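Structure at a glance
The primary structure of each chain is shown beneath.
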Amino acid sequence: MGSFIARRLITLVVQVLLVATIVFLMLRLVPGDPARGILGETASDEQVASMRHKLGIDRPIYEQYTDWLGDTLQFDLGNSIISGRSVSGDIADRITNSLELIIISVVASLIIAIPLGTIAALRANRFTDFALSSIAMLGLSIPGFVLGTIFVLVFGLVLKVLPQAQYVSWTDDPIAHMKLLILPSATLAIGNAAVILRMMRSSMLEVLRQDYVRTARAKGLSETSVIRRHTVRNAINPVVSIVGLECSTLLGGMVIVEQIFNWPGLSSLLLSGVLSRDYPVVQGVVLIIAVLTIVINVIVDILYGVLDPRIRLS
Amino acid sequence: MASSSRRQSARSPFSRTLNASVSRRALVGTGAAAAGAFTLTRASASPIITFGKMAREQDAEPKSGGTLRYGLSTDPSNFEPHFSTGAASTSVKLMCYSTLLTYDHDNSLIGDLAEEFGWVDDTTYQVKIRQGVTFHDGSDLTPDDVVFSLNRIQDPETVATNASYFAEVTDIATGDDNTVNITFNKPFAAFPFILANTNSYIVSQKWIESGVDPKTTMMGTGPFVFKERVPGVSITLEKNPNYFIPELPYLDSIVYQPMPDDTSRMTALRSGSVDFVDYVPYTQMGIIEGDPNLTFASDNISGFGWIGFNHEMDIVNDQNVRQAFANGMNREKMVETAFAGYGSAITGGLIPEGMIGYSPDLEGTYTGDYEKAKSLLDTAGHNPLDIDMLSTSSYSVIQRPAEAAQAELAEANINANLELQEWLTFRQTVADGTFPVHAWGTAIDYGDPDFLWNYMHSTGSTAKWFRFADAEMDSMLEEGRFSTDESLRDEIYNEIQTRAVEIVPWIYTIRRTQGEAMANFVKGYTHIQSWVPITMREIWLDQ
């Protein structure tokens, strides 16, 4: 296990550098000039050129790259060229919000989806299965922005129970913070739960057909024991993969939910950075997301081994 | 420096519906009152922009206290006082900083930090600074701070948004009796409007030179003091107890909450989570107007859409083709299509009624004569015409008029292949000049017809994107900018608009309704001009 983790850490560094370099180059290749964004619509070409010089983005790309890489290797992500704030500080402010939302929504979706997926598989092709599969299909079909908007309208205007609009941190007011978390978590959890439920159902159906399940039943084990010890445990690995992928996707992909619910997470920071061509912010956020994604993958790989000793041995 | 002054303001026909709190108005307008006794020897500007809708009348004495929860459409990128960082940041910065001049409720110019102001001769503009004004750090505002601030705007190192307007300034110096004199090469009639612009804030020299980063914090002489910013979450301002207008502000604080999603922002207002929101999307205007608990304050004058051409490209370098575009769009229908009627058609000149240069005779020039457009295309040898048109998908106020224009042009045999790009990409593409036609939208920069310079003078930044240059137009715009005679300027700008109708450098299409919405208990706010929400300082809560 130790050498496995060491190998993964080495590849982590290479992968992160590769991702960061690609992002660095792509940002400078896409059209759109941050200087124009900063200066407004009436800026003259001369002003744009002066601003580019001031920002240091008129220098050769290799020079910008080596400077940025040197700073990054010293854990200095620089300052935003738009806001002037420290990129590390902005990321630190927001990453906990993103992780909190992701963890709560993923845990909630697992709590909902694993039992329901199992039930759907055990009641395959019966009413319960159809009902659960239909609900899952509905959850998959409704885009997050539609669901979020419906939640805002229903809870805000119809039921009038929408929590206050301003974000409150956990340390300032835990109760208000928890209230704020409910709707965005639910929006994310419903979509995730639908995916996991379907995955759990199909995975369970496959495992239920295996010889060892039949053997376990033939041995006279109780159905509960067969399901818990021999079926669910073997069916859960694909679900772990899906959860890992969902977590990685959500890290930078919650922008709509963040905007609808005014949740200050990493995605909206990334979006504003991309729209304003704020190079240091985009590079910094992508770098962090790349690191976290790779870390999540390592955790998923380790979990495979924990859940299935055959993988560990191989 | 007294005597034959011409007042810099004129009453809007809507002014009687405005704030009835005369004492406070008088207080706010001390600069305007002073202007009456101040020498405006030659130039005067009479901005009168009339508005479709204004905030309601006030009928009670203002109460002090309370916090305004403001749902802001964009999280301000930064607080740099001399960069334009968008309308949302303006509403924040304007509460912390002050300008020398500002706008009264009827959109006329009044003094803000300037106690008196005006032209002392053809080329010297003088402002007398109010006595006893202090910055938020307790230091006194001095004429040196004013000189420093204006020099900072002019300095190419700053790359300030308004730098180009200082191109003809030869000297900025302190004078006697708390005054600052700004000397020009040539007269510049629109200069007072530049001083009232929200990128011309007066900053503390000591504070800026202390090495502070003005992108991340604010310290001025405004009605509110910057307390804190939690990026993406809130910006909190607290009452400045030493504000130079003693009665203001009434509020104890303002908490700005960035809410970029339109539905969420409007729902937050309707459900009472916030008290005030900026940028009401047109899809929600009817809902807000129909809600008895809310007030909508708006205008349909400032914001407008346009069709621009690359004059160096074949086909559109033909005046007949551009005329075909101009005639081939029914603007009334475009207002309905693009904004469900929340706007107004521009059928003649761009200068709105009430501003110098307004041309009533041109109204109705373009009503959507498809047959005339087809005939012009025939003359040009391009009937039907297939052409690429660029616009942006980032802002619905630009995209929707572009789509409405596309639909209208099709009626005139002009098949515009509309390509939508993301905002900064779009701007870069327009600057690169790779599309023959583009559809854009913006707002009138200030209440003087000199704003046309940017679009039609060969040195104007937008005119450069059009690759447009016309010696006659240049000459008239220069005459208008450097003339100090109001009636002459009126004549000149009429001619400019007539010339624009003739040669069609670009086409202005429709004006959009834009404004703010608030709970009924929010009193004192008047929508005066979209980008100068100075009356925020007069808000009070009737709770």
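Residues numbered from 1 in each chain as written. Chains lettered and ligands numbered in written order. Predicted model: local features only at pLDDT ≥ 70, side-chain atom pairs only at ≥ 80, totals over all residues. Heavy atoms only, no water.

A few points about the overall build of chain B
Along the backbone of chain B there are 17 helices and 21 strands. The buried share among the 543 residues of chain B stands at 65%. Of all intrachain contacts in chain B linking residues separated by at least 6 positions in sequence, the fraction that spans at least 24 positions is 73%. Accessible surface computed for chain B: about 17,400 Å², of which carbon and sulfur atoms make up 45%. (Helix = DSSP H or I, 4+ residues; strand = E, 2+ residues; numbered from the N terminus. Buried < 20%, exposed > 50% of the residue type's maximum accessible area, 1.4 Å probe, protein only. Contact = heavy atoms within 4.5 Å. Areas by Shrake-Rupley, 256 points an atom, 1.4 Å probe, with all protein chains shown as cover.)

Re the interface of chain B and chain A
Taken together, the 49 residues of chain B in the interface contact 44 residues of chain A. Counting each side, the surface lost to burial between chain B and chain A is near 3,700 Å², with a carbon and sulfur contribution of 54%. When the area that chain B buries against chain A is broken down by residue, the three leading residues are Val159, Leu424 and Arg427 of chain B, summing to 16%. For glutamate 422 of chain B, the salt bridge is made with arginine 277 of chain A, and the minimal N-O distance between the two is 2.6 Å. The tally of links between chain B and chain A comes to ten residue pairs in polar contact (both at pLDDT 80 or more). (Buried area = accessible area lost by both parts, 1.4 Å probe. Salt bridge = Lys/Arg side-chain N within 4 Å of Asp/Glu carboxyl O. Polar contact = N/O pair within 3.5 Å; in protein donor to acceptor, adjacent residues only side chain to side chain.)

Details of the pattern of salt bridges
All names here are of chain B. Scanning the entire structure with this criterion turns up 25 salt bridges over all chains. Notably, a salt bridge pairs aspartate 275 with arginine 69, separated by 2.7 Å at the nearest N-O pair. Taken together, the positions of aspartate 275 in the loop between α7 (262-270) and β11 (276-277) and arginine 69 in strand β1 (residues 67-72) put the pair 206 residues apart, joining distant regions of the chain. The exposure class of aspartate 275 is buried, given its relative accessible area of 3%. In this structure, glutamate 408 engages lysine 333 in a salt bridge whose closest nitrogen and oxygen atoms are separated by 3.4 Å. With a gap of 75 residues between them, glutamate 408 in helix α12 (residues 396-411) and lysine 333 in helix α10 (residues 331-339) connect regions that are remote in the sequence.

Re unusual backbone geometry
The residue after leucine 248 of chain B, namely proline 249 of chain B, is reached through a cis peptide bond having omega -10°. Counting through the fold element by element, proline 249 of chain B comes out in the loop between β9 (234-239) and β10 (253-258). With an omega of 0°, the peptide bond running from asparagine 383 of chain B to proline 384 of chain B counts as cis. With a phi angle near 55°, arginine 277 of chain A is a residue other than glycine that sits in the positive phi range. Arginine 277 of chain A gets classed as buried once you look at its relative accessible area, which sits at 4%. The backbone phi angle of valine 504 of chain B is positive, close to 50°, even though this residue is not glycine.

Let's talk about the layout of surface pockets
All names here are of chain A. Each pocket or cavity is described by its volume, and for the second largest pocket that value is around 560 Å³. Looking at the second largest pocket, it is lined by 28 residues, and the ones nearest its centre are Leu55, Asn79, Ser80, Ile81 and Pro280. Every element with two or more residues in the lining of the second largest pocket is listed here: α1 (2-29), α3 (45-55), α4 (61-73) and α13 (279-307). For the lining of the second largest pocket, the leading source of residues is α4, giving four residues. (1 Å grid on protein atoms, 1.4 Å probe; cavity = no way out; pocket = protein on both sides within 12 Å on 5 of 7 lines; lining within 4 Å. Points joined across faces, edges and corners; volume = space filled by probe spheres on them.)

Structural notes on the environment of threonine 42 of chain A
Inspection of the secondary structure puts threonine 42 of chain A in the loop between α2 (34-39) and α3. Not counting residues up to four positions away in its chain, the partners in contact with threonine 42 of chain A are Gln47 of chain A together with Thr161, Asp445, Asn454 and Ser461 of chain B.

Some thoughts on the sheet that holds strand β5 (residues 124-129) of chain B
All names here are of chain B. Strand order across the open sheet formed by four strands is β4-β5-β7-β6, with antiparallel pairing between neighbours. Looking along the sheet, the strands with just one partner apiece sit at the ends: β4 (114-121) and β6 (169-174). Going across the sheet, the axis of each strand differs from the next one's by a mean of 15°, ignoring polarity. Strands β5, β6 and β7 (179-184) of the sheet are contacted by helix α4 (residues 143-154), whose axis makes an angle of about 160° with β6. (Pairing = 2+ DSSP bridges. Axes fitted to C-alpha atoms, helices over the stretch in contact; angles between N-to-C directions.)

Focus: the pairing of strand β19 (residues 514-519) of chain B
Residue and element names in this part refer to chain B. The buried fraction of β19 is high, at six of six residues. Both faces of β19 are covered, namely the face carrying Gln514, Glu516 and Met518 and the face carrying Gly515, Ala517 and Ala519. Of the pairings in the sheet, the one linking β11 to β19 comprises two bridges and is antiparallel in character. Looking at β19, one finds that valine 277 is bridged to alanine 517. The sheet contact formed by strand β12 (residues 294-299) and β19 spans six bridges and is antiparallel. What sits directly across from phenylalanine 296, in β19, is alanine 517.

Some words on the packing of aromatic side chains
What the rule picks out here adds up to 38 aromatic pairs over all chains. Centroid distance phenylalanine 79 of chain B to phenylalanine 226 of chain B: 5.5 Å. Interplanar angle 65°. Geometry classified as edge-to-face. On the criterion of sequence distance, the pair formed by phenylalanine 79 of chain B in the loop between β1 and α3 (87-96) and phenylalanine 226 of chain B in strand β8 (residues 224-230) is long-range, its members being 147 residues apart. Phenylalanine 226 of chain B carries the same exposure label as phenylalanine 79 of chain B, and that label is buried. Members of the aromatic cluster, connected to one another through ring pairs, are Phe304, Trp306, Tyr395, Trp423, Phe426, Trp440, Tyr455, Trp465, Phe466, Trp506 and Tyr508 of chain B. Across the ring face of tyrosine 279 of chain A, the terminal group of arginine 28 of chain A is positioned such that the distance to the ring centre comes to 4.2 Å. One Lys or Arg, arginine 481 of chain B, reaches over the ring of tryptophan 453 of chain B and ends 3.9 Å from the middle of that ring. (Phe/Tyr/Trp six-rings, centres within 6.5 Å; stacked < 30°, edge-to-face > 60°. Lys NZ or Arg CZ within 6 Å of the ring centre and 35° of its normal.)

Side note on the side chain of asparagine 78 of chain B
Within the secondary structure, asparagine 78 of chain B is located in the loop between β1 and α3. Residue asparagine 78 of chain B is classed as buried on the basis of its relative accessible area, which comes to 1%. Within the local environment of asparagine 78 of chain B, its side chain forms a polar contact with the backbone oxygen of isoleucine 82 of chain A, the two atoms lying 2.6 Å apart. Separated by 2.9 Å, the side chain of asparagine 78 of chain B and the backbone nitrogen of glutamate 80 of chain B make a polar contact. Residues in contact with asparagine 78 of chain B, not counting those within four places in the same chain, are Ile82 and Ser83 of chain A together with Thr85, Ser89, Lys215 and Arg229 of chain B.

Observations regarding empty space enclosed by the protein
All names here are of chain B. Overall, the coordinates contain nine cavities of 30 Å³ or more when judged by the stated rule. A volume near 80 Å³ is recorded for the second largest cavity. Around the second largest cavity sit Tyr279, Val280, Pro281, Tyr282, Met285, Phe339, Tyr342, Ser396, Val397, Arg512, Thr513 and Gln514, which together line it. Sorting the residues of the lining of the second largest cavity by element identifies α8 (282-290) and α12 as the ones contributing at least two each. Grouping the constituent residues of the lining of the second largest cavity by class yields eight nonpolar, three polar and one charged. (Nonpolar A, V, L, I, M, F, W, Y, C, P; charged D, E, K, R; others polar.)

Let's talk about α7 of chain B
Regarding α7 of chain B, the residues found buried are Ser264, Arg265, Met266, Thr267, Ala268 and Leu269 of chain B. Immediately beyond the C-terminal end of α7 of chain B, within one or two residues, lies glycine 272 of chain B, with a positive phi of roughly 85°.

Remarks on the packing of helix α5 (residues 87-122) of chain A against helix α8 (residues 174-208) of chain A
Residue and element names in this part refer to chain A. Between α5 and α8, whose axes approach to 5 Å, the crossing angle comes to 35°. At the point where α5 passes α8, the crossing takes the right-handed sense. Along the lines of polarity and charge, the residues of the contact of α5 with α8 split into 23 nonpolar, seven polar and two charged. (Left-handed = near helix turned anticlockwise from the far one by under 90°.)

Let's talk about the confidence of the model for chain A
Confidence along chain A averages 87 in pLDDT terms, with 97% of residues attaining 70 or more. No element of chain A has a lower mean pLDDT than helix α14 (residues 309-313) of chain A, which averages 64, and none a higher one than α5 of chain A, which averages 93. (pLDDT = per-residue confidence, 0-100.)

Regarding the packing of helix α7 (residues 144-158) of chain A against α7 of chain B
Axis angle and axis distance: for two packed helices, these are the angle between their axes and the distance between the axes, and together they describe the pair. Interhelical geometry of α7 of chain A versus α7 of chain B gives an angle of 5° and a closest axis separation of 10 Å. The pairing of α7 of chain A with α7 of chain B is recorded here as roughly parallel in orientation. Along the contact surface, α7 of chain A presents Thr149, Val152, Leu153, Gly156 and Leu157 of chain A, while α7 of chain B presents Thr263, Ser264, Thr267 and Arg270 of chain B. Looking at the contact of α7 of chain A with α7 of chain B residue by residue, the classes come out as three nonpolar, five polar and one charged. (Parallel < 35°, antiparallel > 145°, perpendicular 65-115°, else oblique.)

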